[in-house]
Amino acid sequence: MDSDGFPRSGPDRPVRDSADKTRYRIGYGWLGAVVALYLLAFLVYAETWAFAWDESYHLLAAQLIGRGKRPYIDFCFPQTLVNVYWNAAWMRLLGDSWRVPHAFAALFTLGAVALTARYVFLRFPAPDWRAAAALTAALLTGLNAEVFGYAPLAQAYGICLFALLAAFQCAVLAVDRSGPLRAAEAGFLAGMAAASSLLTAAAAPVLLVWLLFYNRAGSRWTKFSAFCAAAAMPFAPMIWLAWQGPRQAWFNVIQYHASFRTLYWPHTTRHDLEVLTSWIDSGQALLIGLLAVSGLAYVARRSPWPAAIKAEFYLCAWLAAALSAEVATAHPTFSQYFLLAVPFLAILAAAGLYATVSGGFAAHAFKPSRPLWAVLPVALLMVLGLAKSFYDDRDATDWSVYERLARKIDEITPRNAVLFADEPIYFLTRRAPPPGLELAYTHKIDLGPAENALLHIVPAAELQRQLQAGLFATAYTCVDADIQSYHLASLYRQRLEMEGCSIFWDLKK
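Below, the structure is looked at part by part. Just so we're clear, the structure is a prediction, and the values are computed from it rather than from any experiment. (Residues numbered from 1 in each chain as written. Predicted model: local features only at pLDDT ≥ 70, side-chain atom pairs only at ≥ 80, totals over all residues. Heavy atoms only, no water.)

**As for the overall build of the protein chain**
(1) Moving on: From N to C terminus, the protein chain includes 24 helices and 4 strands.
(2) Moving on: Rg of the C-alpha trace for the protein chain: 25 Å, near the compact-globule value of 23 Å for 509 residues, within the 12% margin.
(3) Moving on: Counting only C-alpha atoms and orienting by the principal axes, one finds that the protein chain spans roughly 85 × 50 × 45 Å.
(4) Moving on: Residue burial in the protein chain is summarised as follows: out of 509 residues, 52% are buried.
(5) Moving on: For the protein chain, contacts bridging at least 24 residues in sequence account for 69% of all contacts bridging at least 6.
(6) Moving on: Charged side chains of the protein chain number 41 positive and 37 negative; the gap between the two group centres comes to 7 Å. (Helix = DSSP H or I, 4+ residues; strand = E, 2+ residues; numbered from the N terminus. Rg over C-alpha atoms; globule rule 2.2 N^0.38 Å. Buried < 20%, exposed > 50% of the residue type's maximum accessible area, 1.4 Å probe, protein only. Contact = heavy atoms within 4.5 Å. Lys, Arg positive; Asp, Glu negative; His and termini not counted. Charge placed at Lys NZ, Arg CZ, Asp CG, Glu CD.)

**Things to note about the pattern of salt bridges**
(1) Moving on: Inspection of every chain in the model, using the stated rule, returns 13 salt bridges.
(2) Moving on: For Asp 392, the salt bridge identified is with Lys 388, shortest N-O distance 2.9 Å. Remark: Lys 388 and Asp 392 occur in helix H18 (residues 375-392); sequence separation between them is 4 residues, near one turn of the helix.
(3) Moving on: Bridged by salt links that share partners, the residues Asp 410, Arg 415 and Arg 431 form one connected network. (Salt bridge = Lys/Arg side-chain N within 4 Å of Asp/Glu carboxyl O.)

**Observations concerning the nonpolar core**
(1) Moving on: Ranked by internal contacts, the top residues of the largest apolar core, which has 178 residues, are Phe 124 and Phe 313.
(2) Moving on: Ranked by residue count, the leading element in this core is helix H7 (residues 157-174), at 14 residues. (Core = buried A, V, L, I, M, F, W, Y, C linked by side-chain atoms within 4.5 Å.)

**Looking at the packing of aromatic side chains**
(1) Moving on: Within the structure shown, the criterion is met by 38 aromatic pairs.
(2) Moving on: When the ring centre of Tyr 391 is taken as origin, the NZ or CZ atom of Arg 394, which lies over that ring, is 4.0 Å away. (Phe/Tyr/Trp six-rings, centres within 6.5 Å; stacked < 30°, edge-to-face > 60°. Lys NZ or Arg CZ within 6 Å of the ring centre and 35° of its normal.)

**A word on the packing of helix H3 (residues 82-94) against helix H4 (residues 99-123)**
(1) Moving on: Viewed as axis vectors pointing N to C, H3 and H4 meet at an angle of 125 degrees, and their least axial separation amounts to 9 Å. It follows that H3 is oblique to H4 by the angle criterion. For the pair H3 and H4, the sense of crossing is right-handed. Of H4, the residues touching H3 (which contributes Trp 86, Asn 87, Trp 90, Met 91 and Leu 94) are Val 100, Pro 101, Phe 104 and Phe 108. (Axes fitted to C-alpha atoms, helices over the stretch in contact; angles between N-to-C directions. Parallel < 35°, antiparallel > 145°, perpendicular 65-115°, else oblique. Left-handed = near helix turned anticlockwise from the far one by under 90°.)

**Description of the side chain of Thr 474**
(1) Moving on: Along the chain, the position of Thr 474 falls in strand S2 (residues 474-477).
(2) Moving on: With relative accessibility at 1%, the residue Thr 474 sits in the buried group.
(3) Moving on: With near-sequence residues (within four places) excluded, Thr 474 lies in contact with Ile 412, Thr 413, Val 418, Leu 419, Phe 420, Tyr 492, Ile 503, Phe 504 and Trp 505.

**Remarks on the pairing of S2**
(1) Moving on: Burial along S2 is two-sided: Thr 474 and Tyr 476 facing one way and Ala 475 and Thr 477 facing the other are all buried.
(2) Moving on: Sheet topology note: the strand S1 (residues 419-420)/S2 ladder contains 2 bridges and is parallel. Residue Leu 419 lies in a different strand from S2, and its bridge partner there is Thr 474.
(3) Moving on: Bridge count between S2 and strand S4 (residues 501-507): 4 bridges; the pairing is antiparallel. For Thr 477, the partnering residue across the bridge sits in S4 and is Ser 502. (Pairing = 2+ DSSP bridges.)

**Considerations on the side chain of Asp 272**
(1) Moving on: By the element assignment, Asp 272 lies in helix H13 (residues 268-276).
(2) Moving on: Despite its burial, Asp 272 pairs with no opposite charge; the closest candidate is Arg 261, at 7.3 Å N-O.
(3) Moving on: Polar contacts involving the side chain of Asp 272 include one to the side chain of His 331, which spans 2.6 Å.
(4) Moving on: Apart from the residues within four sequence positions on either side, Asp 272 is in contact with Ala 330, His 331, Pro 332 and Thr 333. (Polar contact = N/O pair within 3.5 Å; in protein donor to acceptor, adjacent residues only side chain to side chain.)

**Let's talk about empty space enclosed by the protein**
(1) Moving on: Across all of its chains, the model carries 2 cavities of 30 Å³ or more by this definition.
(2) Moving on: Residue lining of the largest cavity: Asn 83, Trp 86, Asn 87, Pro 101, Phe 104, Ala 105, Phe 108, Leu 153, Ala 154, Gln 155, Gly 158 and Ile 159, and that is the complete set.
(3) Moving on: Every element with two or more residues in the lining of the largest cavity is listed here: H3, H4 and H7.
(4) Moving on: Looking at which element gives the most residues to the lining of the largest cavity, the answer is H4, with 4 residues.
(5) Moving on: For the lining of the largest cavity, the class distribution of residues is 8 nonpolar, 4 polar and no charged.
(6) Moving on: If you go around the second largest cavity, the residues you meet are Tyr 57, Ala 61, Leu 64, Phe 75, Cys 76, Phe 77, Glu 438 and Leu 439.
(7) Moving on: Broken down by class, the residue content of the lining of the second largest cavity amounts to 7 nonpolar, no polar and 1 charged. (1 Å grid on protein atoms, 1.4 Å probe; cavity = no way out; pocket = protein on both sides within 12 Å on 5 of 7 lines; lining within 4 Å. Points joined across faces, edges and corners; volume = space filled by probe spheres on them. Nonpolar A, V, L, I, M, F, W, Y, C, P; charged D, E, K, R; others polar.)

**A word on the pairing of S4**
(1) Moving on: Counting buried residues in S4 gives 5 out of 7 residues, a clear majority hidden from the surface.
(2) Moving on: Both strand S3 (residues 492-498) and S4 contribute to a ladder of 6 bridges, which runs antiparallel. Residue Arg 495 lies in a different strand from S4, and its bridge partner there is Phe 504.
(3) Moving on: Connecting S3 to the next strand, S4, in antiparallel fashion are 2 residues, including Glu 499 with a positive phi near 55 degrees.

**Focus on the state of the cysteines**
(1) Moving on: Evaluated as defined, the whole model comprises 1 disulfide.
(2) Moving on: What pairs with Cys 478 in a disulfide is Cys 501, and their sulfur atoms sit 1.8 Å apart. The disulfide joining Cys 478 to Cys 501 has a torsion of about 90 degrees about its S-S bond and is therefore right-handed. In this pair, Cys 478 is assigned in the loop between S2 and helix H23 (480-485) and Cys 501 in strand S4, connecting sequence segments 23 residues apart.
(3) Moving on: Here Cys 501 falls in the buried class, since its relative accessible area comes to 4%.
(4) Moving on: No disulfide involves Cys 76; its nearest neighbouring cysteine sulfur is the one of Cys 160, lying 19 Å away.
(5) Moving on: Considering cysteine sulfurs only, Cys 170 is the nearest to Cys 316, which forms no disulfide, with 14 Å between them. (Disulfide = S-S within 2.5 Å.)

**Details of unusual backbone geometry**
(1) Moving on: With an omega of 10 degrees, the peptide bond running from His 331 to Pro 332 counts as cis.
(2) Moving on: Tracing the sequence through the fold places Pro 332 in the loop between helix H15 (307-328) and helix H16 (342-357).
(3) Moving on: The phi dihedral of Glu 499 falls on the positive side, at around 55 degrees, and the residue is not glycine.
(4) Moving on: Relative to the assigned elements, Glu 499 resides in the loop between S3 and S4.
(5) Moving on: Residue classification places Glu 499 among the partly exposed positions, given a relative accessible area of 37%.
(6) Moving on: Although it is not a glycine, Asp 506 adopts a positive phi angle of roughly 70 degrees.
(7) Moving on: Looking at the element boundaries, Asp 506 is found in strand S4.

Here is the structure:
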């Protein structure tokens, strides 16, 4: 890199003259403008409408950690731990608000989009197309409906996207460095992603094998050792808690996912098949998928690009394939899981757009001197796809609904009284849930009294007994089946219907 931050030479030709530098500055200007606009829109969305019910138990866990509780040991939390401890630290510093994790998740996502664009801008082998290709990759990543909708949440999507992109770029640099530092950085970042969500676990072995296979400088064994040692470091909190409670850690990290996730999602196999074929109805998925396949085919069969650059695009393909295969086998799986592969598909898709536009009739429609015009159809399709996603979800709940419910529940429930609710209400009212109510999904599990107590599980039958015994001064639910199965209407004198949910108080006994 020269003093202006430009590559001294690109894969095709050196960047030495003022015209090349001017082109790079203009390209950076376009990228900077797009990223700034994206940052503004994304932060507004993250701090206002972004919501998914499942993020609430991540927020509640972070809140409990801030009060000195230990996941696995003191409450059930079937996730790896980096993201929740990160959220807990910032919430303790800046306040117990969902907006705090949302802001940092949005910044992580923005970082992932910027890293995707930067990689393409600096490494794309066609100099005249670098700005257009980088913009294409940024738009395909940042405007993807799953990325935009789920990455700014308190769940681990944002931090995982950033860590995966950073690990990828460190691995790309590591093959030409004689020392182990870049390999260690790649390992640490890949480990950080997996230690935030095991949905990204497949990335680490792919990066390691690729790094060793294409290594061009230094000792492979030194880099192997550095990568593996650094990858283990982010798991230190989980290892420490597993040392204190091996049975609890095994249940939360392994057994829950292997044996019990299907309990709360009926017809799981049919659901998985519907998710795995949903790309047929998604214009965005079809666009990025077709362009990515086209790009991979071009890189492998037609491009005159250097072998080292081709290898980096192959790494994108392997990462996208490995991550997609891993999340596809989650039972149940969900469409948002696949957002983890989007940046790597977007890099391949940038090559696909270049291959499509630079040959045949399209070459006359989009002149080589003005390749940015070729990005406009992609931008339009991505914007329309995102707008359609928002329109389809126009009646979706957001945090403001639960905030209104929480205020009403606080109004009618004494501060020291026991509350029957779910994770969003416990989090917003800042009331510690009774033991075993930290994760509602576990009520369908029953491993016997001893195991239930150890793992902080309250089965539905025990929960019904507690309700009938008058343990809860106030009961809240948005599930009609719970009202029937727990006989809530017969237990309380007062009932309020609000925001599609029911609040019960004033026990009859």
